[in-house]
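# Observations on chain architecture
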Amino acid sequence: MSRTALRICPLCEATCGLTLTIEGTRVTGARGDRDDVFSRGFICPKGASFGAVDGDPDRLRTPLVRVDGELREATWEEAFDAVAAGIRPVVERYGPSAVGVVLGNPNVHTMAGALYPTVLLAGLGTRSVFTASTVDQMPKHVSSGLLYGDANAIPVPDLDHTDHLLLLGANPLESNGSLCTAPDFPGKLKALKARGGTLTVVDPRRTRTAKLADRHLAIRPGTDALLLAAMANVLFEEGLVDLGESAPHLQGVDELRAAVADFTPEAVTDACDVDAATIRTLARELAAAPTAAVYGRIGSCTVPHGTLASWLVDVLNILTGNLDRPGGALFPQAATDRTPRPAGPGHGFALGRWRSRVSGHPEAKGELPLSALAEEIDTATAEGEPIRALVAVAANPVLSAPDGNRLDKALDSLDFMVSVDPYLNETSRHAHVVLPPPPPSQSPHHDFAFNTLAVRNQVRYTRPAVPLEPGRMAETEILARLVLAATGMHGADPDAVDTMVIDQTLGKAVKEPHSPVHGRDPRELAAQLTGETGPERRLDMMLRLGPYGDGFGVRTDGLNLARLLAQPHGIDLGPLRPRLPQPLKTRSGKVELLPQPIVDDLPRLRQALHERPAGLVLVGRRHLRSNNSWMHNVPALTGGTNRCTLHIHPEDADRLGVRDGAPVRVKGAGGEVTAPAEVTDGVRRGVVSLPHGWGHDRPGTRLSHASADPGVNVNQILDGSLLDPLSGNAVLNGVPVEVAAVTENFPALT
Ligand SMILES: Nc1nc2c(c(=O)[nH]1)N[C@H]1C(S)=C(S)[C@@H](COP(=O)(O)OP(=O)(O)OC[C@H]3O[C@@H](n4cnc5c(=O)[nH]c(N)nc54)[C@H](O)[C@@H]3O)O[C@H]1N2
Ligand SMILES: Nc1nc2c(c(=O)[nH]1)N[C@H]1C(S)=C(S)[C@@H](COP(=O)(O)OP(=O)(O)OC[C@H]3O[C@@H](n4cnc5c(=O)[nH]c(N)nc54)[C@H](O)[C@@H]3O)O[C@H]1N2
Ligand code: SF4
Ligand SMILES: [Mo]
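Residues numbered from 1 in each chain as written. Chains lettered and ligands numbered in written order. Predicted model: local features only at pLDDT ≥ 70, side-chain atom pairs only at ≥ 80, totals over all residues. Heavy atoms only, no water.

With an unreviewed UniProt entry as reference, the chain is termed Molybdopterin-binding oxidoreductase, source organism Streptomyces resistomycificus.

### Quick look at the overall build of the chain
Of regular secondary structure, the chain possesses 25 helices and 28 strands. Scaling as 2.2 N^0.38, a compact globule of 750 residues should have a C-alpha radius of gyration of about 27 Å, and the chain matches this with 25 Å. Dimensions of the chain along its principal axes, counting C-alpha atoms only, are 70 × 65 × 60 Å. For the chain, buried positions account for 61% of its 750 residues. Within the chain, counting contacts between residues at least 6 apart in sequence, those at least 24 apart form 72% of the total. Carbon together with sulfur atoms contributes 51% to the accessible area of the chain, which is approximately 27100 Å² in total. Charge-centre separation for the chain: the mean point of 74 positive side chains lies 2 Å from the mean point of 87 negative side chains. (Helix = DSSP H or I, 4+ residues; strand = E, 2+ residues; numbered from the N terminus. Rg over C-alpha atoms; globule rule 2.2 N^0.38 Å. Buried < 20%, exposed > 50% of the residue type's maximum accessible area, 1.4 Å probe, protein only. Contact = heavy atoms within 4.5 Å. Areas by Shrake-Rupley, 256 points an atom, 1.4 Å probe, with all protein chains shown as cover. Lys, Arg positive; Asp, Glu negative; His and termini not counted. Charge placed at Lys NZ, Arg CZ, Asp CG, Glu CD.)

### What to know about the confidence of the model for the chain
Low-pLDDT portions of the prediction should not be read for the details of their coordinates. The predicted model of the chain has a mean per-residue pLDDT of 97, with 99% of residues at 70 or higher. Scored below 50 in pLDDT, residues 746-750 shows twelve contacts in the model against residues more than four places distant or in partner chains. (pLDDT = per-residue confidence, 0-100.)

### Considerations on the pattern of salt bridges
Under the defined criterion, the tally for this structure stands at 37 salt bridges. Residues Asp150 and Lys585 are paired through a salt bridge, measuring 3.4 Å at the closest nitrogen-oxygen approach. Remark: Lys585 occurs in the loop between β19 (571-575) and β20 (591-592) and Asp150 occurs in the loop between α6 (138-148) and β8 (156-157); sequence separation between them is 435 residues. With relative accessibility at 17%, the residue Asp150 sits in the buried group. In this structure, Arg655 and Asp652 form a salt bridge, with 2.8 Å as the shortest nitrogen-oxygen distance. With Arg655 and Asp652 both in helix α25 (residues 650-656), this residue pair falls three residues apart, about one helical turn. With relative accessibility at 6%, the residue Asp652 sits in the buried group. Because the salt bridges share partners, they merge into one network encompassing Glu238, Glu266, Arg280 and Arg284. (Salt bridge = Lys/Arg side-chain N within 4 Å of Asp/Glu carboxyl O.)

### Focus on the packing of helix α10 (residues 224-237) against helix α15 (residues 306-319)
Where α10 contacts α15, the axes come no closer than 9 Å and their chain directions differ by 25 degrees. By the angle class used here, α10 and α15 are roughly parallel. In the packing of α10 onto α15, the handedness of the crossing is left-handed. Mapping the contact onto sequence places Ala225, Leu228, Ala229, Met231, Ala232, Leu235 and Phe236 in α10 and Leu308, Ala309, Leu312, Val313, Leu316 and Leu319 in α15. (Axes fitted to C-alpha atoms, helices over the stretch in contact; angles between N-to-C directions. Parallel < 35°, antiparallel > 145°, perpendicular 65-115°, else oblique. Left-handed = near helix turned anticlockwise from the far one by under 90°.)

### A word on the sheet that holds strand β11 (residues 215-217)
The parallel open sheet is built from four strands, whose spatial order is β11-β10-β9-β13. Both edges of this open sheet fall to β11 and β13 (293-296), since each of them pairs with a single strand only. Recorded for the sheet is a direction-independent mean angle of 15 degrees between the axes of neighbouring strands. Bridging between strand β10 (residues 198-202) and β11 involves three bridges; their strand directions are parallel. (Pairing = 2+ DSSP bridges.)

### Here we look at the sheet that holds strand β21 (residues 616-619)
If you trace the six strands once around the closed barrel, you get β21-β25-β22-β24-β23-β28, paired in mixed fashion. Mean inter-strand twist for the sheet, computed between neighbouring axes without regard to direction, equals 45 degrees. Taken together, the two bridges between strand β22 (residues 646-648) and strand β25 (residues 687-689) define a ladder with antiparallel strand orientation. Bridging across to β25, His647 finds its partner in Ser689.

### A closer look at helix α12 (residues 265-272)
Residues of α12 that are buried: Pro265, Val268, Thr269, Ala271 and Cys272. With its phi angle positive at about 60 degrees, Asp273 sits one or two positions after the end of α12.

### Describing the state of the cysteines
Simply put, the disulfide is a covalent bond whose two ends are the sulfur atoms of two cysteines. Considering all chains together, one arrives at zero disulfides under this definition. Free of any disulfide, Cys180 has its nearest cysteine sulfur in Cys12, 11 Å distant. On the basis of relative accessibility, which here comes to 0%, the residue Cys180 falls in the buried class. (Disulfide = S-S within 2.5 Å.)

### Quick word on the packing of α12 against helix α13 (residues 276-288)
Geometry of a packed helix pair, given as the angle between the helix axes and the separation of the axes. One can describe the packing of α12 onto α13 by two numbers: an axis separation of 8 Å at closest approach and a directional angle of 115 degrees. Taken as axis vectors, α12 and α13 run roughly perpendicular relative to one another. For the crossing formed where α12 meets α13, the hand is right-handed. In this structure, α12 contributes Pro265, Glu266, Val268 and Thr269 to the contact, and α13 contributes Ala276, Ile279 and Arg280. Looking at the contact of α12 with α13 residue by residue, the class counts come to four nonpolar, one polar and two charged. (Nonpolar A, V, L, I, M, F, W, Y, C, P; charged D, E, K, R; others polar.)

### With respect to the site of ligand 1
Looking at ligand 1, there are 28 residues lining it, with Ser400, Asp421, Asn425, Ser629 and Asn715 nearest. Note that an oxygen atom of ligand 1 is positioned 3.1 Å from one of the side-chain N or O atoms of Arg622. Take His692: an N or O atom from its side chain is 3.4 Å from a nitrogen atom of ligand 1. When ligand 1 sits alone it has 910 Å² of accessible area, and the protein chains cover 95% of it. (Near = heavy atom within 4 Å. Polar contact = N/O pair within 3.5 Å; in protein donor to acceptor, adjacent residues only side chain to side chain.)

### Quick look at the UniProt feature "domain: 4Fe-4S Mo/W bis-MGD-type" (unreviewed entry) in the chain
Mapped onto this structure's residue numbering, the UniProt feature "domain: 4Fe-4S Mo/W bis-MGD-type" (unreviewed entry) falls at residues 2-58. Helix makes up 16% of residues 2-58 and strand 37%, whereas the separation of the span's terminal C-alpha atoms amounts to 24 Å. (UniProt positions renumbered as here; feature names shortened; annotations may be inferred.)

### What about α6?
Across the eleven residues of α6, eleven count as buried, placing the element largely inside the fold. Within α6, burial applies to Met138, Pro139, Lys140, His141, Val142, Ser143, Ser144, Gly145, Leu146, Leu147 and Tyr148. Its buried side turned inward, α6 meets α14 (298-301), α15, β20, α24 (596-608), β26 (723-724) and β27 (729-730). Two residues or fewer past α6, Gly149 is found with a positive phi of approximately 80 degrees.

### Looking at the pairing of strand β23 (residues 663-668)
As paired elements, β23 and strand β24 (residues 671-679) share six bridges and run antiparallel to each other. Counted as the bridge partner of Val664 is Ala675 from β24. Between the end of β23 and the start of β24, which pair antiparallel, lie two residues. Of the strand pairs in this sheet, β23 and strand β28 (residues 735-741) are connected by four bridges, and their pairing is antiparallel. The partner of Val666 across the bridge, within β28, is Val739.

### Describing the environment of Glu237
Following the sequence through the fold, Glu237 ends up in helix α10. Given a relative accessible area of 54%, Glu237 falls into the exposed group. Spatially, the C-alpha atoms of Glu237 and Arg257 are 8.7 Å apart, while their sequence positions differ by 20 residues.

### Topic: the environment of Val497
Within the element layout of this structure, Val497 appears in helix α20 (residues 495-509). Once the C-alpha coordinates of Val497 and Gly534 are considered, the two residues, 37 residues apart in sequence, prove to be 8.4 Å apart.

Here it is as structure tokens:
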């Protein structure tokens, strides 16, 4: 007998609603939920393989604990005993920052990852915090922090309504979108064209997204900030600036004009390899479009001027009056956002409040660069203790961060490491304790993070589609117990963590004059919370306090968990709406167009006007049937075009004697890898491309399918020294490399 259950897909940022077919406790099918208020039935090949991802026989079923050097199956009790015994002595002897915490990408795809890591960090008090953000979108957080005073206030392009989209360094036809949650992103681009809109794609590769575009510019990697600065320059010089409705909320327009004065189209053309006339046309079209949005992603972030490029994306939206207007780029309003406070000056955003111990990298958003993790473990300094214990949650930095070999060695030298991870992989194989979360079918789901980045306001929640298997522990409980074990409360009831958060949050809310619960008794409010678990009670609390909430009875038709549960396909909360000035938290209470850290970084961009790569540069790429480092173990999602090959332009291949299909060596500052060449004019001259997340050939893992076709780790080519200085984000694109055909008597590259 089979049955169906709804489950929001956690496999990428699009958050599609799925209808799962379940036989017994096994997911045997997945299709798009046509009634889902947001995704309306869309599904991609990854979502369709939900059952295979969920049921991968290599997923760990029990905790593992290292005994006599070997990882062995253990009980949960033994595992948490080992965690407490491993972490507490390090904290007590060397202080909290000797415990590092690494939070990987899937934390934004699980409820556990949204609800507990903040409690862990607060409880531990460590400054050794690293996340996937610094190999991804930290530049966007920093630019938003500086512009709006809130690192999480990220405007998203109004895909459904815009007339003109300028998309840089993103390939949503493969990635399904990022920092722009939009189920069926490809369909939305086609709809934009069908309604007469224009799509321009800037990408050194002719991607599937670029093929859809009205215009594709194969820019030289790493130079988007120059291109965008030149567009801003044209808007000023040609009198095309029209600030629109946001004008009263802006500060620094004249200073901005002066700041971009040097970046004329003629000045940037050689560096970008885009002709000056085209740059002028881009700027004019952007200004002329009834509504328009500029949107930049991985290719504009993971580069040496990532923060400047991210800032300029917003600057262009602002100068053309497109920030905060329908059809432009708007700030979403999620159901679990905090109660909007009245507009007015805020605390602002600070960078570099402390620095990393070894290289002195400034913190950003409380984080240090993931690129610096290895040195923070393996390098002793007079300034303080190295990291001696590590907590890794949903992170595989051995493959996803620069210089995996160095990190691999560093992890091996730790006194203690715990990984919360379903797989024994390149990173978790170093752990002393591995705590495996259940597969997604057995977990509840709500998108705390992605709803704040969604192209339509909506709210959905799905309970576990399949009950927890015997012997399994919910990931929310795993993380709650981890919090307790790491903070000296080992053995306490994990519900205590949720109760503590609820008490603190309500205690604060009743003191806030703008809160719907101002002046009420927090205990009375806590008693009203519904939900079967601690996490559900927390969701209920956030919904009720949030912008659409019932305010604990104040707004009778407002949101709460019970109302949400009654709508299994979700509740639509309407299109994105203008919100300025409410989201601003800058000290001035305005959008600060030209903040000082940006001013201080502009000379580096001026320098870049004269820089040209001496040889080839490397960029990444994604494949629709993959996801970073952890989906190569699912047979249904591998093979075909999803391969770890080096894309190289035919002219470069000819010059270097590289033949299609033959092995090539790619060497960078951090090391070299050998991969098969794929000769294609899909990549521009002077640029080669390798995907990331491969290199599954290290011993001691349990990835039977992935290790059979391991590919190579592109990040081994990096040494971790190339960063965007403002954000600490790793430079993963536009990296200088040497490429050589591997021939029998080819001498090793020196
Ligand atoms: N060269 C290059 N490198 C890159 C990138 C690039 O474009 N080029 N992209 C970067 C980007 S954008 C990112 S986000 C990072 C991602 O890098 P990471 O943050 O390391 O994320 P993943 O590679 O997705 O690995 C996630 C880990 O979480 C585990 N996992 C999967 N599901 C769950 C779950 O439900 N719970 C828990 N606890 N664990 C789970 C997986 O087994 C895996 O070990 O990689 C970055 N690295
Ligand atoms: N199928 C699949 N989907 C995914 C993921 C995955 O691994 N696989 N990962 C998820 C994650 S964690 C993220 S963050 C998102 C990322 O989502 P996207 O940002 O859409 O990521 P990519 O597909 O890597 O697209 C980046 C593009 O930037 C181009 N590029 C490289 N350098 C430059 C440059 O200097 N300038 C410009 N203009 N372009 C450049 C590359 O050629 C590439 O086509 O995808 C998410 N979705
Ligand atoms: S687009 Fe993303 S969220 Fe939607 S089905 Fe595919 S993997 Fe899942
Ligand atoms: Mo990412």
